[in-house]
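Each chain is listed here by its residues.
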Amino acid sequence: MKSVSFDATEAICGAIFICLGIFFAWQAYDLDLGTTFRMGPGYFPLVLSLILILLGGVIFLRAGKVANEPMTSIAWRGIFFILPAPIFFGMTVRGLGFVPSLFLSALIASFASHKMKPVMAVLLSAAITVFSVLVFNYGLGLPFQRFGPWLNF
């Protein structure tokens, strides 16, 4: 029979997430919340902080686990391709525009998997870009610049 152990590192991480979520919920609660259909400036930060509290609770509860579980290696490839993608998007969306920034960000993130081939990565990035333009620009009518000033279109 396996014994249950308590992972202090995971418990501390969960507690930090819970504390940060409570802090941000407290800060967001000072803003006008509005309703679900007419959201105020504090509604979205409050929802995100509640999600952070929930995820922190899940991590905290996972701190008690079965002993002798195998430790897996860190997915460095995922870290080095997924984390830079939204940073790249945020830094280039004003200069390149929505379409090229989203395409390149999706392309960067798609190489986090060992199974992704270059042709499939380009097709996936193009599909995500077309879908996003259709939804956000045409469906929701958001006024954003599809191609930015760096491209001279």
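In this text the structure is predicted, and so the values were computed from the model without any measurement.

Participant: Looking at this model, I keep getting lost on the overall build of the protein. Mind explaining?
Facilitator: A tally of helices and strands in the protein yields 6 helices and 2 strands. Across the protein, helices and strands are ordered from the amino to the carboxyl terminus as β-α-α-β-α-α-α-α. Compactness check: the protein gives a C-alpha radius of gyration of 21 Å against a globular reference of 15 Å for 153 residues, more than 25% above the reference. Summarising its shape, the C-alpha atoms of the protein cover approximately 65 × 45 × 25 Å along the three principal directions. For the protein, the residues scored as buried account for 24% of the 153 residues in total. Long-range contacts, defined here as pairs at least 24 residues apart, represent 62% of the contacts in the protein between residues at least 6 apart.

Participant: Please explain the packing of helix α4 (residues 84–96) against helix α5 (residues 98–110) as it appears in this structure.
Facilitator: Look at α4 against α5: their axes get within 8 Å of each other, and the N-to-C directions meet at 160°. Comparing their axes, α5 and α4 come out roughly antiparallel. The two elements α4 and α5 meet at a crossing, and its hand is right-handed. Between α4 and α5, the residues in contact are A85, F88, F89, T92, V93 and L96 and F98, P100, S101, L102, L104, S105, I108 and A109, respectively. Split by residue class, the contact of α4 with α5 holds 11 nonpolar, 3 polar and no charged.

Participant: What is the right way to look at the pattern of salt bridges in this model?
Facilitator: Once their charged atoms are close, side chains differing in charge can pair, the charge on each being opposite to the other. Per the counting criterion, the structure on display carries 1 salt bridge. Measuring nitrogen to oxygen at the nearest pair gives 3.4 Å for the salt bridge that ties E10 to R62. Placement of the pair is E10 in helix α1 (residues 8–29) and R62 in the loop between α2 (43–61) and β2 (64–66), with a sequence separation of 52 residues. On the accessibility criterion, E10 (16% relative accessible area) is buried. For R62, a relative accessible area of 54% corresponds to the exposed category.

Participant: Would you mind showing me how to read the packing of α1 against α2 here?
Facilitator: Geometrically, a packed helix pair is captured by the angle between its two axes and the distance between the axes. Viewed as axis vectors pointing N to C, α1 and α2 meet at an angle of 160°, and their least axial separation amounts to 7 Å. When the axes of α1 and α2 are compared, the pair comes out roughly antiparallel. Of the two possible hands of crossing, α1 and α2 adopt the one that is left-handed. Class assignment of the residues belonging to the contact of α1 with α2 gives a composition of 16 nonpolar, 5 polar and 1 charged.

Criteria and cut-off values
- Residues numbered from 1 in each chain as written.
- Predicted model: local features only at pLDDT ≥ 70, side-chain atom pairs only at ≥ 80, totals over all residues.
- Heavy atoms only, no water.
- Helix = DSSP H or I, 4+ residues; strand = E, 2+ residues; numbered from the N terminus.
- Rg over C-alpha atoms; globule rule 2.2 N^0.38 Å.
- Buried < 20%, exposed > 50% of the residue type's maximum accessible area, 1.4 Å probe, protein only.
- Contact = heavy atoms within 4.5 Å.
- Axes fitted to C-alpha atoms, helices over the stretch in contact; angles between N-to-C directions.
- Parallel < 35°, antiparallel > 145°, perpendicular 65-115°, else oblique.
- Left-handed = near helix turned anticlockwise from the far one by under 90°.
- Nonpolar A, V, L, I, M, F, W, Y, C, P; charged D, E, K, R; others polar.
- Salt bridge = Lys/Arg side-chain N within 4 Å of Asp/Glu carboxyl O.

Nothing here speaks to function; it is all geometry.
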